[in-house]
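Geometric and topological summary
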Amino acid sequence: MIPLTPEAWVALATVFILGAMSPGPSLAVVLRNTMVGGRTQGVMTGLGHGIGFGIYAFLAAAGIATALTLHDSTVVILRWGGTALLVWLGYTFLKHALSGPYEHSPDDEHGPSGRAGFAQGFAIALLNPKILAWMLALYAPFIEAEMGMQTLLGMGLLGMTIDSTWYVTVATVLTRGDGVAKLRSQAHRIDAAMGLLMFFFAALLFGGYL
């Protein structure tokens, strides 16, 4: 079994951090859910995304990335699944942009909103085309054929921790003071922009550019 060196762990953590911080569909979903449902829904979206990302990171490290390059059908399934998810999110955002102002109440931060946010975060992490393309390239310098299960699990846990921490931090910072109130005042414009962004990512994925 071949363990990673401390330097390799630092390099891998750096790549995870930069990947989490880069804009994309995941950040769009976290921002939008924080704006609509407040801190609880934003944090739950971040946690769901982190767990989904950690699972993805482990599976890729364990050999799924190699399988994706060898089996065209797997790539096609993920591409269509990712495209469908992005189109659905785009439709949802544009629908909200046309449905009138948000009415926030204390109940927004309890009950199904948190669960819905968690589910959306988890789903977008697993089907985000940017993560798929990024994972295929990410592990090339780090994966060895005889790498042990502990190291592979450690990679997944590292990715989960960094990803969750980043998005939970984003949701928490936005809900300090009147941050969410300011976001809600621009809710229609933000939803419209996010909807168009989702359709843009879907078009790129459908066209094979992601």
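What counts and how
- Residues numbered from 1 in each chain as written.
- Predicted model: local features only at pLDDT ≥ 70, side-chain atom pairs only at ≥ 80, totals over all residues.
- Heavy atoms only, no water.
- Helix = DSSP H or I, 4+ residues; strand = E, 2+ residues; numbered from the N terminus.
- Contact = heavy atoms within 4.5 Å.
- Phe/Tyr/Trp six-rings, centres within 6.5 Å; stacked < 30°, edge-to-face > 60°.
- Buried < 20%, exposed > 50% of the residue type's maximum accessible area, 1.4 Å probe, protein only.
- Axes fitted to C-alpha atoms, helices over the stretch in contact; angles between N-to-C directions.
- Left-handed = near helix turned anticlockwise from the far one by under 90°.
- Nonpolar A, V, L, I, M, F, W, Y, C, P; charged D, E, K, R; others polar.

Looking at the environment of glycine 195
Structurally, the position occupied by glycine 195 is in helix α8 (residues 187-206). Taking the C-alpha atoms as reference, glycine 195 lies 8.6 Å from alanine 97; in sequence the two are 98 residues apart. Setting aside anything within four residues of it in sequence, one finds glycine 195 in contact with Gly90, Phe93 and Leu94.

So, the packing of aromatic side chains
Tallied over the full model, the rule gives one aromatic pair. Centroid distance phenylalanine 16 to phenylalanine 53: 5.6 Å. Interplanar angle 80 degrees. Geometry classified as edge-to-face. Of this pair, phenylalanine 16 sits in helix α1 (residues 6-21) while phenylalanine 53 sits in helix α2 (residues 25-70), and the two are 37 residues apart along the sequence. Classification of phenylalanine 53 as buried rests on a relative accessible area of 4%.

Let's talk about the packing of α1 against helix α6 (residues 149-174)
Remark: α1 packs on α6, axes separated minimally by 9 Å, with the N-to-C direction vectors making an angle of 35 degrees. Crossing of α1 against α6: the hand is right-handed. The residues of α6 that touch α1, namely those facing Trp9, Leu12, Ala13, Phe16, Ile17, Ala20 and Met21, are Thr151, Gly154, Met155, Leu158, Gly159, Ile162, Asp163, Trp166 and Tyr167. Within the contact of α1 with α6, the residues separate by chemical class into 12 nonpolar, three polar and one charged.

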